[in-house]
Amino acid sequence: MDVIVCVKQIPDPETPAAAFKVDEQAMQVLPAQGISPVISPFDAQAVEAALRIKDASGEGSVNIISLGPDSARDAIKHSLAMGADEGYHLKDDAFDGGDAWTTALALSKAIQHLGVPDVLIFGRQAADWDQGTVGSIVAELLDLPSATVLRAVELSDGGITVSRVVADGFENIDLPTPCVLTISNEFGDPRYPQLRQIMQAARKQVTELTAADLGLDASEVGSAGARVQMHSLFQPTSDVEVEIIEGDTPEEKAAGLVNALREAKIL
Amino acid sequence: MTKSAVKSDSDKRRTGATSTGKRVSALAIPAWLPLGGILLVSGAETVRVTGAHRELFFNIDHFWVLYMLLPFVIGIILYGLVRRSRVWRLGQPIVSGQITRESLRSAFDDLPVRLGRLVKGGGGTERVLRDPYSGVMHLCIMSSMIVLFLVTALLAIDDYIPVEILVGPRYLGYSLVADIFGLVGIIGVAMAVAHRWVRPRTAWLPTWEDWLILGGLGMLLITGFIVEGLRIHTSEIDVNPEWSYWSPVGYVVALMFSGVKISAALDIHTTFWWIHMIGALSWISLLGYSKLNHLVLAPANAFLKRTSAPGKLDMIENIEQQEHFGVSQLEHFSMKQLFELDVCVRCGRCTDNCPADIAGQPLSPMHIIQDLKSYATAVGERKVANLVQGHDLNFGLDDEAPMVGGVVRDESLWACRTCGACVEACPVFIEHVPTIVDMRRSLVMEEARMPDTVQGTLETLERQGHPWRGTPYTRDSWMEGIEDQVPEWTGEQDYLYFVGCTGAFVDRAQEITRSVVSLLREADVSFGVIKGMESCNGDPARRLGHEYLYQILAEGLIELFNETGVNDEQKTVITHCPHCFNTFLNEYPDMGAKFQVIHHTQLLEQLVDAGRLVPRGDGPEQTITYHDSCYLGRHNDIFEAPRRILEQVPNVTLIEMPRNREQGLCCGAGGGNMWMEEQGKSRVNEVRVEEAVATGAESACTACPFCVQMFDSGIGTVQLDVEDDDKLKVLDVAELLQAAAVSEGQSDA
Ligand code: SF4
Ligand code: SF4
Ligand code: SF4
């Protein structure tokens, strides 16, 4: 079964809050010192899902597409090291300043350019802006059925059976192929690449594609084509007040806590 | 500036530690005692017994058969050893290189150190003597065998040379010595049997080998006395009774036979003589086929053991060009590592001292070595056969359980703290740690198979340059509020204080970092800190088996040190983390490091000695027990510096835990276990905290940020029901010294 996974390179979500800074004027996130960007964790899980589909079907390919600046190559290389076959990097100054819509547009063109595969997989959302819309927009643009926020994916007769995470449990769905899936963290940990694969991935060529290669005009993508306008970007401050509840015994402390919670109208 | 940290391999020179006292040189006893005995008797008895002697082959015909058998026996022994050596030679000449003159030389570098170890540890069985019971037992058997061998050889020589040595009083002295050591041997064998019967350690269960070797030796000694007794009964007791007193045991045996007719006794004598001799030859043949081979292999292994610091791991050179990473097949081990498997005598000392085993976790170093040995026997021999027949090495071996993951289980490899207690305890100088880490390397780099916690740690190291996943801190959080008191490294100062990841990212360890800075300032040391730019030196990656990541991190840090002028023979790096210390001192030279390294306890000791830090006597009386960090103590021989600091703080009384110094028990954090989930009955830190609590000390002091954390969390469970004020307190030596030696106004820096 042929699978394409779209991945994104993001600032490490494990960056400690103290090291996380934004430039409010330029409305940009400043890279934290000494902490390199990483593949979005949900996307790594998406690659894992793709590799398992390929293994289960016993044939096919897993190809990777990523849109972004130079550093996006690392997300592609990481996916290749995990075991993906080929990588495609959508790289063009024209893509700068885009939003979910322009990203989805460029990705869908790239997918058509490569040939629509049996399954298209995304992470449920990129762990930087947490919008979670690109996968669904691509599904619309390509007119494919989709299932989002999945915790399990299995091959079934002539299609795919998935399990969605919903507010009160799980939802199991059968989909025909081709289809679009987005993977949630409940799916499980992605594999750690073997050193040999990391080294092979380092040597592998990544194909670069520009807007023109995809038949896109610079006015359709990047900031020119964006449909979302950012008004301001800032780090919220939160005031925390700490009240220590005194008491000689655990029982007294617990009673004090209950009273305090009642007073605060939480209980 | 200190030179105590100059790289080198001899133990005492690297550090300021002192030796812990002389041990008896066991070799001296078998050598001098018999000679003394002979001289004594010849002096005392010169007049009375001038003619005393005996025949070599008294009452024996066809003794030449014996001489015919001798080369045959030697052949059998050699055959066994040579056959085994084909398995050893499956291994790599050195850890990862080709056979070059260099690699051969590396097995013989530091010749004096190796020879010293050969004599003291191999011949003198230094380590066996640490346990009094086994020490005495082993000494009895060993001295008896050596003396009886010499005695027999002497008798034969005497028979074939024209001058007679063994005559008169000399002969009598000789008889006495032989008898005494025969008896000593029997005592030794009895002790060994009792040991196995009465108090077998959980770690080792005696097998057929034990009984065959001990039973055989016991039989030899007993039949020897029977033969002697019968000879005395038939030829001596009536003619020269005063001679027989010099063979006391033989004399008693002769008395027991006194009712037997001489002719019958002569027949019995012949029979027993042959049983004794054939038995001796068969028994000695076990040398090629059983753990009796330690007679030869143990001294050889004492010689072959690495002379580098025990905490050093060997580098995989040209890692990008390797065909495999770490060890997943027998032939990936070095020859030395395969050889070592055959040296193990299954004594269980390693396992008895292993923190993981003590805590009931799934690791026994003895079983790792023994299981690998069985595997080398079963599979190694088939690989050798494949080679001989021109097949692929692994031909027909597909169905065998894999070595890593099958023969040695993953969880055993992960439970290892690389603490080196096993290596320190092993009487035959086996090095378990490199063998365990080599297999980890294959798990991580070859198979990418590891616990989630390990994966998380490695990913954090890759991405953030430190192992503390989820920390809310940055590199410089620890200096918040005191930035101006922390001098920035300019390249001009004498010392770089390398804070390390733990000192920066873990709140409890940040306090230690601040204490160190405060002490350095108090003593007016010329030092600086590289603010914001430090990265992990790679130790956690390396111990976890990710050699490649280690090399990347180490290269990065060395580059930073080069750029900032740290990598210079005139500069010294201070670390308060023994793991950083060990890596910088012993492993970074392979990566091109030139700087000196000093642990904060070494420097603080010097500063106290020089009067630049003066501990005041106004603190409260306190009792303290010192916990040795494995990477400071056992791996780098720094036992005394921290203790001497504590001793110089007035009002402090130092109490030792039963396991201390070389025998100290790991806190459980080493080998990357700081970041792993422990599996098994209990946790290592709880075991160690219980030992500390049992001393009755109010505080436990240590010199490692990992140990402090492990103690803190261990106290949480061990002393769950104890009032906070009465709980064991845990301090780094620097914190204790700061409280005593830094005046109040300064102490927040
Ligand atoms: S190094 Fe320590 S933990 Fe590892 S096997 Fe040896 S004694 Fe056990
Ligand atoms: S490895 Fe050493 S300590 Fe362990 S059982 Fe074997 S001989 Fe004894
Ligand atoms: S080795 Fe040193 S730098 Fe690395 S984790 Fe340990 S404390 Fe940090």
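On a predicted model such as this, the values are computed, not experimentally measured, just so you know.

### Brief notes about the sheet that holds strand β9 (residues 146–156) of chain A
Residues and elements named next belong to chain A. Spatial strand order, β11-β10-β9-β12-β8-β1-β6-β7-β13: nine strands in an open sheet with mixed pairing. A single partner strand is all that each edge strand has here, and the edge strands are β11 (169–176) and β13 (206–209). Shown here is a sheet whose adjacent strand axes are inclined to one another by a mean of 30°, direction ignored. In terms of strand pairing, strand β1 (residues 3–7) meets strand β6 (residues 62–67) through five bridges, oriented parallel. Each bridged residue has a counterpart across the sheet, and for valine 3 the counterpart in β6 is valine 62. Against the sheet, helix α2 (residues 72–82) makes contact with β1, β6, β7 (86–90) and β13, and its axis sits at roughly 165° relative to β7, the strand it touches most. Along the sheet, helix α4 (residues 134–142) makes contact with β8 (119–123), β9 and β12 (179–183), crossing β8 at roughly 155°.

### Re the pattern of salt bridges
Residue and element names in this part refer to chain B. Following the criterion strictly, the structure yields 51 salt bridges over all chains and no others. Of the charged contacts in the structure, one is a salt bridge between lysine 383 and glutamate 331, with a shortest N-O distance of 2.8 Å. Within this pair, whereas lysine 383 is found in helix α16 (residues 365–388), its partner glutamate 331 is found in the loop between α12 (294–304) and α13 (335–343), the two being separated by 52 residues in sequence. Classification of lysine 383 as buried rests on a relative accessible area of 0%. Members of the salt-bridge network, linked through shared partners, are Arg306, Lys312, Asp314, Lys336, Glu340, Glu431 and Asp590.

### With respect to the interface of chain B and chain A
Contacts between the two partners involve 28 residues from chain B and, on the opposite side, 20 residues from chain A. Overall, the association of chain B and chain A removes approximately 1900 Å² of surface from exposure, summing both partners, and the carbon and sulfur fraction of that is 50%. Connecting chain B to chain A are two salt bridges. Residue glutamate 446 of chain B is joined to arginine 196 of chain A by a salt bridge in which the shortest nitrogen-to-oxygen separation is 2.4 Å. Applying the counting rule to chain B against chain A returns eight residue pairs in polar contact (both at pLDDT 80 or more).

### Here's the deal with the environment of serine 282 of chain B
Residues and elements named next belong to chain B. Residue placement: serine 282 occurs in helix α11 (residues 262–285). When the C-alpha positions of serine 282 and isoleucine 141 are compared, they lie 18 Å apart, and in sequence the two are 141 residues distant. Reaching out from serine 282, the side chain makes a polar contact with the backbone oxygen of isoleucine 278 at a distance of 2.7 Å.

### Quick look at helix α3 (residues 64–88) of chain B
All names here are of chain B. The terminal C-alpha atoms of α3 lie 37 Å apart, and with 25 residues this matches the ideal 36 Å at 1.5 Å per residue to within 8%. Bending of α3 peaks at approximately 25° at the position of leucine 70, with proline proline 71 no more than four residues after it. As for α3, its buried residues are in contact with α11, α12, α13 and α16.

### Brief notes about the site of ligand 1
Looking at ligand 1, there are 13 residues lining it, with Cys354, Cys416, Arg417, Cys419 and Cys422 of chain B nearest. Those elements that place two or more of their residues in the shell around ligand 1 are α18 (421–425) and α19 (432–446) of chain B.

### Considerations on the domain arrangement of chain B
All names here are of chain B. Looking at chain B, the domain boundaries give domain 1 (64–92 + 132–300), domain 2 (302–452), domain 3 (464–607) and domain 4 (609–746). The partner domain 2 presents 33 residues to the 25 residues of domain 1 that form the contact. Carbon and sulfur atoms make up 55% of the area that domain 1 and domain 2 hide from each other, which totals about 2500 Å². The largest share of the area that domain 1 buries against domain 2 comes from Arg84, Trp88 and Leu90, three residues that together contribute 25% of it. Inspection of the domain 1/domain 2 interface yields five salt bridges. Here arginine 84 makes a salt bridge to aspartate 342, at a shortest N to O gap of 2.7 Å.

### Digging into the pairing of β6 of chain A
All names here are of chain A. Of all six residues in β6, six are buried; the element is thus mostly enclosed. Residues Val62, Ile64 and Ser66 point to one face of β6 and Asn63, Ile65 and Leu67 to the other, with burial holding for every one of them. Taken together, the five bridges between β6 and β7 define a ladder with parallel strand orientation. In the strand pairing of β7, serine 66 is matched with histidine 89. The β-α-β motif built from β6, the intervening α2 and the parallel element β7 has right-handed crossover chirality.

About the criteria used
Residues numbered from 1 in each chain as written. Chains lettered and ligands numbered in written order. Predicted model: local features only at pLDDT ≥ 70, side-chain atom pairs only at ≥ 80, totals over all residues. Heavy atoms only, no water. Pairing = 2+ DSSP bridges. Helix = DSSP H or I, 4+ residues; strand = E, 2+ residues; numbered from the N terminus. Axes fitted to C-alpha atoms, helices over the stretch in contact; angles between N-to-C directions. Contact = heavy atoms within 4.5 Å. Salt bridge = Lys/Arg side-chain N within 4 Å of Asp/Glu carboxyl O. Buried < 20%, exposed > 50% of the residue type's maximum accessible area, 1.4 Å probe, protein only. Buried area = accessible area lost by both parts, 1.4 Å probe. Polar contact = N/O pair within 3.5 Å; in protein donor to acceptor, adjacent residues only side chain to side chain. Expected span 1.5 Å × (residues − 1). Bend = angle between axes of the 7 residues up to and from the residue. Near = heavy atom within 4 Å. Domains from an automatic or database assignment. Right-handed = clockwise from strand over helix to strand, strands pointing away.

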